[in-house]
Amino acid sequence: MTTTLRPTGPEEPLPDAGRLRRWRVLANGREVGRVVTSARLGIGRIEALEITEGLRRGRGTVAALAAEEVLRGWDCRRAEVGVPADAPAAHALALALGYTEASHHLVKRLAEPPAVRTDLTTRPVEAADFRDWLDSINVAYRGQLLRIGLTEQQADAKVAADDARLLPQAHATPGMAMRLLLAPGAAEPVGSVWVSYENGRLPPDDRPLGWVMNVEVEPGRRGQGYGRELMLIAERLCLAAGTHDLGLNVYTGNESARRLYDSLGYRLTRRQFGKAL
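Residues numbered from 1 in each chain as written. Predicted model: local features only at pLDDT ≥ 70, side-chain atom pairs only at ≥ 80, totals over all residues. Heavy atoms only, no water.

Asks: Would you explain the side chain of His104 in this entry?
Replies: Along the chain, His104 falls in strand E7 (residues 100–109). In this structure the side chain of His104 is engaged in a polar contact, spanning 2.8 Å, whose partner is the side chain of Arg258. (Helix = DSSP H or I, 4+ residues; strand = E, 2+ residues; numbered from the N terminus. Polar contact = N/O pair within 3.5 Å; in protein donor to acceptor, adjacent residues only side chain to side chain.)

Asks: Honestly, the packing of helix H3 (residues 127–147) against helix H4 (residues 152–166) in this entry has me stumped. Any pointers?
Replies: It is at 10 Å that the axes of H3 and H4 come closest, and there the two elements cross at 140 degrees. One way to sum up the angle between H3 and H4 is to call them oblique. Our pair here, H3 against H4, has a crossing hand that is right-handed. Contacts from Arg131, Leu134, Asn138, Tyr141, Arg142, Leu145 and Leu146 of H3 reach H4 at Glu152, Ala155, Asp156, Lys158, Val159, Asp162 and Asp163. Of the residues contributing to the contact of H3 with H4, the split by class is 6 nonpolar, 1 polar and 7 charged. (Axes fitted to C-alpha atoms, helices over the stretch in contact; angles between N-to-C directions. Parallel < 35°, antiparallel > 145°, perpendicular 65-115°, else oblique. Left-handed = near helix turned anticlockwise from the far one by under 90°. Contact = heavy atoms within 4.5 Å. Nonpolar A, V, L, I, M, F, W, Y, C, P; charged D, E, K, R; others polar.)

Asks: Would you take a moment to explain the pairing of strand E5 (residues 43–51) for this structure?
Replies: For a regular strand, side-chain orientation follows a simple rule: the groups alternate between the two sheet faces. Bridge analysis of strand E4 (residues 30–40) against E5 gives 8 bridges, and the strand direction is antiparallel. Paired with Arg40 across the two strands is Ile43, which belongs to E5. Note that E5 and strand E6 (residues 78–84) share 3 bridges and pair parallel. Directly across from Gly44, in E6, lies its bridge partner Ala79. Once you follow E5 into helix H1 (residues 59–73) and on to E6, the crossover reads as right-handed. (Pairing = 2+ DSSP bridges. Right-handed = clockwise from strand over helix to strand, strands pointing away.)

Asks: Which parts of the structure should I look at to understand the nonpolar core?
Replies: Across soluble globular proteins, nonpolar side chains have a tendency to be buried as a group. Core analysis: the largest hydrophobic core is formed by 29 residues, its most contacted members being Met231, Leu246, Leu248, Tyr261 and Tyr266. Sorting the residues of this core by element identifies strand E9 (176–182), strand E10 (191–196), strand E13 (210–217), helix H5 (226–240), strand E14 (245–251) and helix H6 (255–263) as the ones contributing at least two each. At 9 residues, H5 tops the list of elements feeding residues into this core. Leaving out residues up to four positions away in the same chain, Tyr266 has contacts with Leu106, Val107, Lys108, Met231, Glu235, Leu246, Leu248 and Tyr261. (Core = buried A, V, L, I, M, F, W, Y, C linked by side-chain atoms within 4.5 Å. Buried < 20%, exposed > 50% of the residue type's maximum accessible area, 1.4 Å probe, protein only.)

Asks: Sorry, what's going on with the pattern of salt bridges here?
Replies: One side chain can pair with another of opposite charge once the charged atoms of both are near each other. Overall, the coordinates contain 29 salt bridges when judged by the stated rule. In this structure, the salt-bridge partner of Arg40 is Asp162, at a minimum N-O distance of 2.7 Å. Taken together, the residues Arg40 in strand E4 and Asp162 in helix H4 connect sequence positions 122 residues apart. For Arg40, a relative accessible area of 17% translates into the label buried. One connected set of salt bridges, linked through shared partners, spans Asp16, Arg40, Lys158, Asp162 and Arg165. (Salt bridge = Lys/Arg side-chain N within 4 Å of Asp/Glu carboxyl O.)

Asks: What exactly am I supposed to notice about the packing of aromatic side chains here?
Replies: Aromatic ring pairs are defined here through the distance separating the ring centres and the angle between the ring planes. Evaluation of the coordinates by the stated rule reveals 3 aromatic pairs. On the basis of an interplanar angle of 40 degrees and a centroid distance of 5.9 Å, the ring pair of Phe130 and Trp133 is categorised as tilted. You can see Phe130 and its partner Trp133 sitting in helix H3, 3 residues apart, about one turn around the helix. The burial state of Phe130 is the same as that of Trp133; both residues are buried. Taking 5.6 Å as the distance between ring centres and 65 degrees as the angle between the ring planes, the aromatic pair formed by Trp133 and Trp194 counts as edge-to-face. Of this pair, Trp133 sits in helix H3 while Trp194 sits in strand E10, and the two are 61 residues apart along the sequence. Among the aromatic residues, ring-to-ring pairing joins Phe130, Trp133 and Trp194 into one connected group. In this arrangement the basic side chain of Arg21 is found over the ring face of Trp23, its NZ or CZ atom lying 5.5 Å from the centre. (Phe/Tyr/Trp six-rings, centres within 6.5 Å; stacked < 30°, edge-to-face > 60°. Lys NZ or Arg CZ within 6 Å of the ring centre and 35° of its normal.)

In structure tokens, the structure reads:
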């Protein structure tokens, strides 16, 4: 039995010269599922893969491998896929195909504004701070892109494109909040947090999902509770903006951060997998 992909229509353009295409999964010419592939700046994604007929016949494996070939043809150096936390079969398939867990998406339903430490204060990232603040974030971000297989040129292009897409008005971009954390006796901020008030929607009632875009404590200031305080600040910012769900991404090797998020009540909703092509 031959399993193949056939496009349902033309490619759809995405920002930053990205592309997306929808496919039918065919078994001997009969539709048995669907696949959606996308690519942007050297990173490809299998956005969706569903087998509707003939489960346990290897069709999902063949469809995923065919999707990877599409991504290779689009000059992607890495394939990524997100798997819901409650989808053990999809989790097993990703591992069987050589994907490794790269990060986890965590979400928390917010209720009352949390209390914050009275010995600490915050202030917004302002024009004079913005470039140094963003450059510091991008050093770590670019390093992560290089570690997952992008070339230096691709990493630089993705950093620049993401900055332009996410922060078109720099520190004054609507829907974003950037705060510096100040501690008594410290000449410089001890950390910062960047929050988006809406980064997608949550089913079933289509609630807005806030997102912690970045949270960072200065290396010499870690272990003093500043990371927890920054997360509580993020929660208060979202609630003040009318957003009652807050999510974040944590890399699988960052155990200290994961312990913090678990202690604050965040729950795993999605596993992110990656594979070099």
